[in-house]
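Residues per chain are reported as follows:
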Amino acid sequence: MTSRERILAALGHRQPDRLPLDLGSTIATTMTAGAQDRLRAHLGLPSGGAPVLFAKRSNTVIPEEAILARIGVDARPLVLGSPDGRPEREISPDAFIDEWEVTWTKPHGGHYINTDGPFYRLDEPTTADIERHAWPEAADPGRYRGLRERARALHEGTGYAVILNLPVGPIHQSQFLRGFGDWLGDLLANRAFAEGLLDRVTDIWVETASRALEETAPFVDVVMYGDDIATQRGPLMRPALYRQLLKPRHRRMAEAVKRFGKPILYHSCGSVRPLIPDLIETGIDALNPVQVSAAEMDTGGLKREFGRDLAFWGGIDTQSVLPLGTAAEVREEVKRRIGDLAEDGGYVLCAVHNIQQDVPPENVMAMYEAAMEFGR
């Protein structure tokens, strides 16, 4: 099988010739620049030059091809460009404002976090505030310039699965615009504003996704996007509230992708199990990152309950095993997750979320070497 055939077999719940592997094909399955430096040095590979950033906010990279080839990674990313009309504006060495007018600030030694936005500190927000805001243009040509050519080159010039990465969904983006706590409060206390904000963000997302797929659909194998709906202990909100307010917007997003006949890889951290049936109903095909350290995320149970309808992408613990375990413990973790998730296809292996700089490169390689050993 080619890598593309391997990924598509797994997503189609067919047994591939070996377990498919990912590193760096999505914004949530890659590594930080520091982690890449350590891994490259461990492998004895020459420097690939300045890192190609996947996301400035998290200092994550599109991994160097020499690393991906050494590991045997089966997918490659396709990423939208930056808008021409509203590029990021740096306001200090450690802070910038994005196209949504959200301010991002980086503490010393950390990642950027949203610290201000256009709807922060509004005591009684209304839909008039939404109408007054200057919104990003989904049609901005910078997003799509060269996208079709890059997609074609990956599809026709390689055997890898091409993963189109789309922006985050309305939960994340609304939180960035309004602030996490106030946004949650709005769902109960300022319903008209909350729904107006969700709709405006979803409208922009759907148009962006549609334009991107109009350019690239013949050359894209999987579409990935994320919108966190859970915490470590359970859903972010009552399931009934999710079904009332968020599920219809998530269904709109999935329908926009399914118009082009593409499988959907959906990312949500945390204990998503109570909402997995709802996610399946919206139209997703695979779930990432399968955060095994969260409540109710036992992989054996997930496969038994949902494995006929859902594929799993991730699963190797990044909270304790990868950063703190021995290489032998990493091997056992990989063996366990493969045993739980890989039967009859339906599993792509990678770390639960992005590999951080504190993960020993020996453990990174132990993960992928064990996957090659136990995934055949």
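Structure: see above.
Given the structure is predicted, the values throughout are model-derived calculations rather than measurements.

Peer 1: Any chance you could explain the packing of aromatic side chains here in plain terms?
Peer 2: Aromatic ring pairs are reported here in terms of the distance separating the ring centres and the angle at which the planes meet. All chains considered together, the criterion is met by eight aromatic pairs. For the ring pair Phe 119 and Trp 135, a centre distance of 6.0 Å and an interplane angle of 35° mean the geometry is tilted. With Phe 119 in the loop between strand S8 (113–116) and helix H4 (127–132) and Trp 135 in the loop between H4 and helix H5 (147–157), the pair connects residues that are 16 residues apart, well separated along the chain. Residue Phe 119 shares its accessibility class with Trp 135, and that shared class is buried. Site record: aromatic cluster; members linked through ring pairs are Trp 100, Phe 119, Trp 135 and Phe 193.

Peer 1: Just to check I follow, could you spell out the side chain of Glu 64 for this structure?
Peer 2: Its location among the elements puts Glu 64 in the loop between strand S3 (60–61) and helix H3 (65–71). Assessed through its relative accessible area of 13%, Glu 64 is described here as buried. With sequence-adjacent residues up to four places away left out, Glu 64 is seen in contact with Gln 36, Arg 40, Pro 46, Gly 48 and Gly 49.

Peer 1: Would you take a moment to explain the sheet that holds strand S7 (residues 103–105) for this structure?
Peer 2: Paired through their backbone hydrogen bonds, the strands of a sheet run either parallel or antiparallel. Read across the open sheet, the four strands follow the order S5-S6-S7-S8; overall the sheet is antiparallel. This sheet does not close on itself; its edge strands, each paired only once, are strand S5 (89–92) and S8. Going from strand to strand, the sheet's axes swing by 35° on average, the running direction of each strand aside. As defined by bridge partners, S5 adjoins strand S6 (residues 95–97) across three bridges and the pair is classed as antiparallel. Considered in S6, the bridge of Glu 90 is made with Phe 96.

Peer 1: I would appreciate a short explanation of the sheet that holds strand S1 (residues 31–32) in the present structure.
Peer 2: The sheet built from three strands is open, its strands ordered S1-S3-S2 with antiparallel pairing. Where the open sheet ends on each side, the last strands, each with one partner, are S1 and strand S2 (53–55). As paired strands, S2 and S3 are joined by two bridges and run antiparallel to one another. Note that in S3 the partner of Ala 55 across the bridge is Thr 60.

Each value, and the rule that gives it
Residues numbered from 1 in each chain as written. Predicted model: local features only at pLDDT ≥ 70, side-chain atom pairs only at ≥ 80, totals over all residues. Heavy atoms only, no water. Phe/Tyr/Trp six-rings, centres within 6.5 Å; stacked < 30°, edge-to-face > 60°. Helix = DSSP H or I, 4+ residues; strand = E, 2+ residues; numbered from the N terminus. Buried < 20%, exposed > 50% of the residue type's maximum accessible area, 1.4 Å probe, protein only. Contact = heavy atoms within 4.5 Å. Pairing = 2+ DSSP bridges. Axes fitted to C-alpha atoms, helices over the stretch in contact; angles between N-to-C directions.

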